[in-house]
Amino acid sequence: MSIIVFGSINIDLVATTPRLPVAGETLLGEDFFKVSGGKGANQAVALAKLGIPTQIVGRVGADDFGKELVNNLQTSGVQTDNIFVDETVSSGVAIITVSQTGENQIVVIPGANGRVNQEDVERLSHLLPEATALLLQLEIPMTAVVAAAKAAKGANIKVIFDPAPAQSNLPDELYPLVDIITPNEVEAAQLVGFPVNGEEQAAKAAAVLLQRGVKCAIVKLGAKGVFCATAEEKFFVPAFSVHAVDTVAAGDAFNGGLAAALFEGLPLHQAVVWGAAAGALTATKPGAQTSLPDRFTFDAFLKERAMGSSFQG
């Protein structure tokens, strides 16, 4: 059995600066580097590095970036047979500015990711009988996201949906197809139409999302922690205290940690703890996939923080 990720595959072009520029301002940067990214690819690598059998379905362009992206996924242990090389468009690119405090601004050029369509959903559908969960995000067309969620629901596969980048008007039909939704504060506010900046507002936002049909709403509050609600339970997990260097991919790491724990049969509360730990660890290093923790580092972090190791029954 495996977990399938259906989503974006990008190359990230990253500039580090003392602070984020304001509109119209030119800043002298400090450093530049290029890393593999894209929310779909990030989540796939997050899972694979935690030792979970992972397949990704998506698209890259027929360019050097595309070759590099596929190679990096393979090196990380992700199964890439269902990545389609699109001859008609460039690979996806994200241009990222990161400040010294770890804040970031991101511009995404979808490229091949914007061409993901029903053909890709059909390739995904062939994999579903051997899967336990499907991870989705919003860096590919909404029609493909909804079609993939329908396919997974039809195959009785758990759908874990990260509604990022933030959008305010998701199709009503998508919510009932989602088992777990994992917005951060900004994304949750966009979805529910009111500010979400603490546990109380997160609880209200989660209630709205449950009313719309999702089975479980997890609202990520960054350094404040994580709120989780289902019809049966509600709980809050405090954040792990770390020195944040770069929060790029921290949300993707959260989804990877969460899904990995569920794959291994752990209860929801422990799965949220795993997500929080993976996100916190990722924020301590620069870059997207390069910052995602391996299983040894992850287990050591959990053990050190006295949250129980992955080998607890």
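Cut-offs applied
As a convention, each chain's residues are numbered from 1 in the sequence order in which they are written. Owing to the predicted nature of the model, reporting of local features is limited to residues with pLDDT of at least 70; listing and counting of side-chain atom pairs is limited to 80 or more, with chain, interface and lining totals taken over all residues. To obtain the side-chain values, all non-hydrogen atoms of the structure were used and water was disregarded. For patches, a residue must show more than 30% relative accessible area and have no salt bridge; joins then use 9 Å for like charges and 5 Å for nonpolar side chains, namely Val, Leu, Ile, Met, Phe, Trp and Tyr. Only the protein chains shown count as cover for residues, and the accessible areas themselves come from Shrake-Rupley with a 1.4 Å probe. Salt bridge, as used here: a side-chain nitrogen of Lys or Arg that lies within 4 Å of a carboxyl oxygen of Asp or Glu. Strands are runs of DSSP state E lasting at least 2 residues, helices are runs of H or I lasting at least 4, and numbering of each runs from the N terminus. Categorising residues by exposure relies on relative accessible area from a 1.4 Å probe, with only protein chains included: less than 20% of the type maximum marks a residue as buried, more than 50% marks it as exposed, and the intermediate range marks it as partly exposed. Only buried residues count toward a nonpolar core, which is a set of Ala, Val, Leu, Ile, Met, Phe, Trp, Tyr and Cys residues joined through side-chain atoms within 4.5 Å. By definition in these notes, contact holds between two residues if any of their heavy atoms fall within 4.5 Å. UniProt positions are given in the numbering used here, feature names are shortened, and annotations may be inferred rather than shown by experiment. Polar contacts here mean pairs of N or O atoms no more than 3.5 Å apart (in protein, one a potential hydrogen donor and the other a potential acceptor; neighbouring residues in sequence count only if both atoms are side-chain atoms).

## Focus on a nonpolar patch on the surface
- On the surface, a cluster of nonpolar side chains totalling about 250 Å² of accessible area is made up of Ile95, Val107 and Ile109.
- If you trace the backbone, isoleucine 95 turns up in strand S6 (residues 92-98).
- Here isoleucine 95 falls in the partly exposed class, since its relative accessible area comes to 43%.

## Comments concerning the nonpolar core
- Core analysis: the largest hydrophobic core is formed by 52 residues, its most contacted members being Ile56, Ile218 and Val272.
- If you tally residues by element for this core, the top one is helix H8 (residues 268-282), at 10 residues.
- When near neighbours in sequence (up to four residues on either side) are disregarded, isoleucine 56 contacts Val5, Ile9, Gly40, Ala41, Ala44, Leu73, Val78, Gln79, Asn82 and Ile83.
- Ranked by size, the runner-up nonpolar core spans 45 residues in total, among them Ala151, Leu170, Val192 and Ala229.

## Regarding the UniProt feature "binding site: ATP" (unreviewed entry) in the protein
- Residues given the UniProt feature "binding site: ATP" (unreviewed entry) here are Asn184, Lys220, Leu221, Gly222, Ala223, Lys224, Gly225, Gly251 and Asp252.
- Mapped onto the fold, asparagine 184 is located in the loop between strand S10 (180-181) and helix H5 (185-192).
- Engagement of the side chain of asparagine 184 in a polar contact is seen with the backbone nitrogen of valine 186, the distance being 3.1 Å.
- Its location among the elements puts lysine 224 in the loop between strand S11 (216-220) and strand S12 (226-230).
- Once residues within four sequence positions are removed from consideration, lysine 224 is found in contact with Glu185, Asn197, Gly198, Phe236 and Ala239.

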